[in-house]
Amino acid sequence: MSVGQAAPVAAGETPDGDLQERFLYEMLLIRRFEEKSAEMYTRGKIRGFLHLYTGEEACAVGAVNALRASDKIVTHYRDHGHAIARGIEPRRIMAELFARVDGTNHGRGGSMHIFDVERGFLGGYAIVAGHMPIAVGLGLAASMRREDWATLCIFGDGGVGEGEFHEALNLAAIWKLPVVWFCENNGYGMGVPFDDSLANDVYKIAAAYRMPSIRIDGMDVLEVYSATRLALAHCREGNGPYFIEALTYRYRGHSMADPELYRTKAEVEMFRQRDAIQRLKRSMIAAGFLDEPAYEALVARVDTEIDDAVAFADASPEPGLHTLYDHITKERERGIE
Amino acid sequence: MSVGQAAPVAAGETPDGDLQERFLYEMLLIRRFEEKSAEMYTRGKIRGFLHLYTGEEACAVGAVNALRASDKIVTHYRDHGHAIARGIEPRRIMAELFARVDGTNHGRGGSMHIFDVERGFLGGYAIVAGHMPIAVGLGLAASMRREDWATLCIFGDGGVGEGEFHEALNLAAIWKLPVVWFCENNGYGMGVPFDDSLANDVYKIAAAYRMPSIRIDGMDVLEVYSATRLALAHCREGNGPYFIEALTYRYRGHSMADPELYRTKAEVEMFRQRDAIQRLKRSMIAAGFLDEPAYEALVARVDTEIDDAVAFADASPEPGLHTLYDHITKERERGIE
Amino acid sequence: MTDLRMRDAIREAMREEMLRDDRVFLMGEDIGAYGGSYACTRGLLDEFGPERVRDTPISESGIVGAGVGAALAGLRPMIEIMTINFSLVALDQIVNNASKLHYMSGGQVHVPLVLRMASGGGSQLGATHSHSLEGMFAHFPGLTVVCPAFPADAKGLLKRAFRDPNPVVFIEHTALYGSRGEVPGDPDRLIEFGRAAVVRPGADVTVVGYSGSVHQATRAARILAEGHGLSAEVIDLRTLRPLDIATVLESVRRTNRAVVVEDDWRFGGFAGEVAAQIMERAFDWLDAPVARVAGADVPMPYNRNLEYAALPSEEDVVEAVLAML
Amino acid sequence: MTDLRMRDAIREAMREEMLRDDRVFLMGEDIGAYGGSYACTRGLLDEFGPERVRDTPISESGIVGAGVGAALAGLRPMIEIMTINFSLVALDQIVNNASKLHYMSGGQVHVPLVLRMASGGGSQLGATHSHSLEGMFAHFPGLTVVCPAFPADAKGLLKRAFRDPNPVVFIEHTALYGSRGEVPGDPDRLIEFGRAAVVRPGADVTVVGYSGSVHQATRAARILAEGHGLSAEVIDLRTLRPLDIATVLESVRRTNRAVVVEDDWRFGGFAGEVAAQIMERAFDWLDAPVARVAGADVPMPYNRNLEYAALPSEEDVVEAVLAML
Ligand SMILES: Cc1ncc(C[n+]2csc(CCOP(=O)(O)OP(=O)(O)O)c2C)c(N)n1
Ligand SMILES: Cc1ncc(C[n+]2csc(CCOP(=O)(O)OP(=O)(O)O)c2C)c(N)n1
Ligand SMILES: [Mg+2]
Ligand SMILES: [Mg+2]
């Protein structure tokens, strides 16, 4: 897989220094969160499946920062990065990974299913492509109510193989719904190279549904940000859905269980050379937005925040056994209107 | 829906007079079979769902006649025409509609599920698009065994909305399988106009999987025949799948139960003016392949064959109740090798 | 009280709920111009327009998932899955999304979604179009499964479903769409979930059914009364989940005998669950094992005689009752 | 006899059948380069190449349907569905095509297809990834459903599945992949379907399980023997369909008490079918109602303690037995 050509986005307003610093901070925060999660997993504090986002930070930070507070997000199980970029406190996410009551889902969901309804973060989903039709329904609600919020639906390249990809894109297109389809193409669906899985490039398949569809460099946070803003503007103007394929790469295995028999260390190294964080750091320094001491200060802030997250998670109690049967159905009494 | 532009098929060898007469005979046979089936349905001889093919005869006759004996067919529930064109005796099909022991499936299947394994007719399927993955498996078997037979998969425009359309086309494309996808676009999925169902033309969506994809006039049997031959040649040369969208029209309701609230008589009339049978008759007369007496003789032969089919079906016994539990699983003793 | 067909009672419930609550909308294949393949939505497109009565492509998984999404955003969607046979291509959306999101999210979101589907055999539609999968749906925590047998219940339960904050699978037997019954006009008459109905009181045996099988049970009860001097109590479960086992147990403790009737395949069907619960909780009251009268364990054959033999009939119920005396 | 892990016994069965019959091939997500998400196919790609060990896109419905088609054309495909949770998106292919075509076609075609899938909870994978749907599959006529508990059975039953002319759903409990056992080397040793095994003889109570629950039952039997002086007979069903109820009945008629154990949700689960059949056919031998020990009726929670509480344990089995004495 080769990181593709730049997107045809009106370069326009590049984010100012403060915003770029925020991007840098959030990317560092996500990376540190993931490294710490891996550590906590090996220490048995986190269990089940853990899919780390390391290497893909620019996608989450660029795309999610382009949203308004009223917009909605649905994403896949590799969701920590998106949740952090949406402003969910790392401590509440870490507590969820620890399966504690102060976790976003009070310990019921786990790593793959972060929810925060206050922030329009309507979940991480673990059935590949299973959340794409949900994005259609969110778009439908916005359009039927004539509201101007949009839905960002994030999924992986592997999801393109599923029938629901087709059904969802078609429905969004014929109903002209305000949905931004954001495909994080990290080159692999577990161990299967993307090129062996699909008959054509993702963004070309998507274009067949007659929606604007572009491929961007998912390891350039500024490009991701401006492309997503453009896409959202298109949606809000009532022009229907917009498709973005962001080329990126995951540095770690598919999950903590992955023996990584399917790729070489050299390939991973090649992509690490293009690291999105270092790239932004360099350009910010060149532009005079950042210097080494300021960078070190950011890193220090990140470390404190993540250490705090772990302490918070560890201090939080486990849900009591008496809660096992809570939330199977919303109480009907309160339910009846 | 407008019947679209001619296909880019090398006109090449138009079928000789004998073959054209065979096409004419088969189209007349199918139409008469369907008219008689409708009559038998109202008389209670046939029950369940009955989906008639009247108006679409050119698709079945043109496409199926392009096949070799070794090729395989899977199709949808509107399958009488394809079965007749494949040479399955109308009497055995009628007996199946009558639910009798001499029916193709011995009365177990019914109108929607005609099977004749001797003729590589591997069934009519009633879950929309549910047979498309089966065509992938047939293509896979041919390619793994290095055999040169191809599979013709016939489905309707409504099937394009299903996820399995996407999964099947993608699998056939990445594995370069010898499958001809034949979409009978009759303008409606039950009562929903095709244009409201899909974001783009069928053949353009199919083209996104990087297989040759054409739209043809499905009411011109000669065009259907030559296009399908071209597609089959492509498959046999190991070039992978080929997609054909044939524009056609059904004169009758979706099934015998259809109140037809969704279209006008005028629209139906317009398409009847383009009737494929009359069209072939006229061109054959112009070419000197046919004259009125010869045509009348064909019609008379058709009437006799269909009357015989009804008599045969009516005379055939119903399956005995003791057979209820037969064929749930193939006997295991015989099964073990 | 007006005398209505089942399909008209269902339409009336949808219409009233759409008039009451503008968050309610309908989506499905051919529910608009075509009027619904069983005519349940006929006329609603003209009254409410194409946005609230939305025809969809043939994409069950897509539209059920879209229903979940619209429900998450605060709307009250009703998705018509033309028949229960096609719910299999959408099952992942129903099970992994609709039924679980409230629990998985720790109670943050809920999914007020009504899924209507036509079910049952008996019309010679063959193996793929004659399923009765009510029991399969009832197996999943988070789902409510409703199976009305009478027009009045259909209306009261469907209106109740529209006012529930959770996903409700509402299953309609195709053989009952034309059946008539008195239906109360009161637009606020709801029928609570988990309340079985004693549709015919009796003393000698308890016959439990739901949806179509309630009618076989009732016909059998008449035959038993007239032909054999036996009085059978007939119970209509009305909802499979929640299951009102209390009403069943109260009856069985009086009659000391029970037969459970359903169209679905016997092996692994819902009747087994009901039979097991009766045994577990009324063991000492039983004079005979709980009997099951259910569908033959075969894919449904097209032939009429074979299909009739494959489905439970009132004669089968009568036989089962006589066999346990 | 060699001592093998469950996953290695499964691999050995596939490997031997591929060597024996060149019509056999494997297809699934990540079964090639990745080696299978539970390592069952590791090494087979190198030995048999990418055509017979085929990595597929994430298209469960497509690949299961492709398996049906390849089987119709005379091949012997094995489709690995990574986990049973993902079988829901392919269920229509399994039910409406694989299980019915032999019957619908009047016996003209048959579908020799093996569907392997990993099942079960206990690994904190959360609500969508912890299903035990064996009972759901067992409900469909035309399917054979195999649920081995030991490496030797897994090998003998899987080899048997490859030689069957019908679709076989072969379900492997993720918690057992690492478990060890003696496995006969004879490449032609097959285990017939529909033969339950008495894994521990006993006189006071019959405990029935399959797959993972056989081990809970056995541990419980030890506790009952050592702690309570009770002798429990443990029966491993091995296949749910066909179900060997005869072996169960023979045992219950001796012990007069039965407990059925499974991981799946209790309500509408397969244990209910087994309990109902025992009641129907051994009613007069029963000293107490047949008890069910099964999963709690909740979507699986991620938290470890909650998940443990949601799954049946040997303590639950012991309790159930003591409660019926
Ligand atoms: C329907 C379904 N099939 C299979 C899986 C198992 N699975 C989990 S993640 C994954 C790979 C997905 O790859 P991609 O969509 O590219 O996302 P990535 O992990 O690369 O971010 C697979 C096959 C699943 N969760 N759901
Ligand atoms: C999965 C599924 N959904 C819905 C149906 C009900 N149904 C039967 S035919 C049909 C319309 C199909 O239209 P099309 O594919 O264009 O074929 P046509 O009838 O026009 O030949 C529908 C919706 C079905 N059989 N299967
Ligand atoms: Mg990927
Ligand atoms: Mg059509």
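Below, the structure is looked at part by part. None of these values were measured; they are calculated from a predicted model.

### Some details on the sheet that holds strand β9 (residues 197-200) of chain C
Residue and element names in this part refer to chain C. The strand order across the open sheet formed by five strands is β9-β11-β10-β13-β14, and the pairing between neighbours is mixed. Of all the strands in the sheet, just β9 and β14 (291-295) have a single pairing partner and so form its edges. Going across the sheet, the axis of each strand differs from the next one's by a mean of 25°, ignoring polarity. As judged from the four bridges shared by strand β13 (residues 258-265) and β14, these two strands associate in the parallel manner. Looking at the pairing, V261 lines up with V293 of β14. Most of the contacts of helix α10 (residues 270-282) go to β13, to which it runs at about 160°, and overall it touches β10 (205-209), β13 and β14.

### So, unusual backbone geometry
Backbone geometry follows two general trends: most residues other than glycine have a negative phi, and most peptide bonds adopt the trans configuration. Here the bond from R241 of chain C into P242 of chain C is cis, since omega is 0°, no more than 30 degrees from zero. Examined against the element boundaries, P242 of chain C turns out to sit in the loop between β12 (239-241) and α9 (245-255). Phi is positive for E260 of chain A, close to 55°, though the residue is something other than glycine. Mapped onto the elements of the fold, E260 of chain A is located in the loop between β8 (242-247) and α9 (265-272). The backbone of A99 of chain B shows a phi angle near 65°, a positive value even though the residue is not glycine. Positionally, A99 of chain B belongs in the loop between α4 (90-97) and β2 (121-125). Taking the relative accessible area as the measure of exposure, A99 of chain B reaches 4% and is therefore buried.

### What about the interface of chain B and chain C?
At the interface, 37 residues of chain B touch 32 residues of chain C. Where chain B abuts chain C, roughly 2900 Å² becomes buried across the two surfaces, and 65% of that area is made up of carbon and sulfur atoms. Among the residues chain B hides against chain C, the three largest losses belong to R47, M190 and L324 of chain B. Together they make up 21% of the total. Linking chain B to chain C there are zero salt bridges. Where chain B touches chain C, the interface holds 11 residue pairs in polar contact (both at pLDDT 80 or more). Grouping the amino acids of the side of chain B that touches chain C by side-chain chemistry returns 19 nonpolar, 12 polar and six charged.

### Quick word on the coordination of the magnesium ion (ligand 3)
All names here are of chain A. Within the protein, the atoms that donate to the magnesium ion (ligand 3) are D157 (OD), N186 (OD1) and Y188 (O), at distances of 2.1 to 2.2 Å. Counting along the primary sequence, the residues that act as donors to the magnesium ion (ligand 3) give the motif D-x28-N-x1-Y. Overall, the relative accessible area of 6% leaves N186 in the buried class. Among the residues examined, Y188 registers a relative accessible area of 10% and is labelled buried.

### Concerning helix α12 (residues 314-323) of chain D
All names here are of chain D. For α12, every residue scored as buried is listed here: E314, V317, V318, A320 and V321. Considered in projection along α12, the buried side chains sweep an arc of 160° and stay on one side of the axis. The exposed set on the far side of α12, more than 90 degrees from its buried face, consists of E319 and A323. The elements touched by buried residues of α12 are β10 (205-209), α8 (212-228), β13 (258-265) and β14 (291-295).

### Here's the deal with the site of ligand 2
The environment of ligand 2 is formed by 22 residues, the closest being Y77, A126, G158 and N186 of chain B together with E60 of chain C. More than one chain approaches ligand 2, the contributing ones being chains B and C. In the environment of ligand 2, a nitrogen atom lies 3.1 Å from a nitrogen or oxygen atom belonging to the backbone of V128 of chain B. G159 of chain B places a polar main-chain atom, nitrogen or oxygen, 3.2 Å from an oxygen atom of ligand 2. For ligand 2, whose unbound accessible area comes to 580 Å², protein coverage reaches 97%. In terms of residue class, the shell around ligand 2 is built from nine nonpolar, eight polar and five charged.

### Some points on the site of ligand 1
Around ligand 1, the surrounding shell holds 22 residues, and the nearest of these are Y77, R78, A126 and G158 of chain A together with E60 of chain D. Near ligand 1, the surrounding residues belong to chains A and D. For ligand 1, a nitrogen atom lies 2.8 Å from a polar atom in the backbone of A126 of chain A. In this structure, V128 of chain A approaches ligand 1 through a main-chain N or O atom, which is 3.1 Å from a nitrogen atom. Classifying every residue of the shell around ligand 1 by side-chain character gives nine nonpolar, eight polar and five charged.

### A word on the interface of chain D and chain C
Listed as interface residues are 49 residues of chain D and, on the opposing side, 49 residues of chain C. On the surface where chain D and chain C come into contact, there are six salt bridges. A salt bridge links R292 of chain C to E273 of chain D, with the shortest nitrogen-to-oxygen separation between them at 2.8 Å. The interface formed by chain D and chain C contains 16 residue pairs in polar contact (both at pLDDT 80 or more). Of all elements in the fold, only α4 (91-98), α5 (101-104), α6 (134-138), β12 (239-241), β13 and α10 (270-282) of chain D reach the threshold of two or more residues within the side of chain D that touches chain C. Tallying contributions element by element places α10 of chain D first for the side of chain D that touches chain C, with eight residues. A class-by-class count of the residues in the side of chain D that touches chain C yields 29 nonpolar, 10 polar and 10 charged.

Rules used in this analysis
Residues numbered from 1 in each chain as written. Chains lettered and ligands numbered in written order. Predicted model: local features only at pLDDT ≥ 70, side-chain atom pairs only at ≥ 80, totals over all residues. Heavy atoms only, no water. Pairing = 2+ DSSP bridges. Helix = DSSP H or I, 4+ residues; strand = E, 2+ residues; numbered from the N terminus. Axes fitted to C-alpha atoms, helices over the stretch in contact; angles between N-to-C directions. Contact = heavy atoms within 4.5 Å. Buried < 20%, exposed > 50% of the residue type's maximum accessible area, 1.4 Å probe, protein only. Buried area = accessible area lost by both parts, 1.4 Å probe. Salt bridge = Lys/Arg side-chain N within 4 Å of Asp/Glu carboxyl O. Polar contact = N/O pair within 3.5 Å; in protein donor to acceptor, adjacent residues only side chain to side chain. Nonpolar A, V, L, I, M, F, W, Y, C, P; charged D, E, K, R; others polar. Donors = N, O, S within 2.8 Å, 3.2 Å for Na, K, Ca; no water. Arc of directions from axis to C-beta. Near = heavy atom within 4 Å. Areas by Shrake-Rupley, 256 points an atom, 1.4 Å probe, with all protein chains shown as cover.

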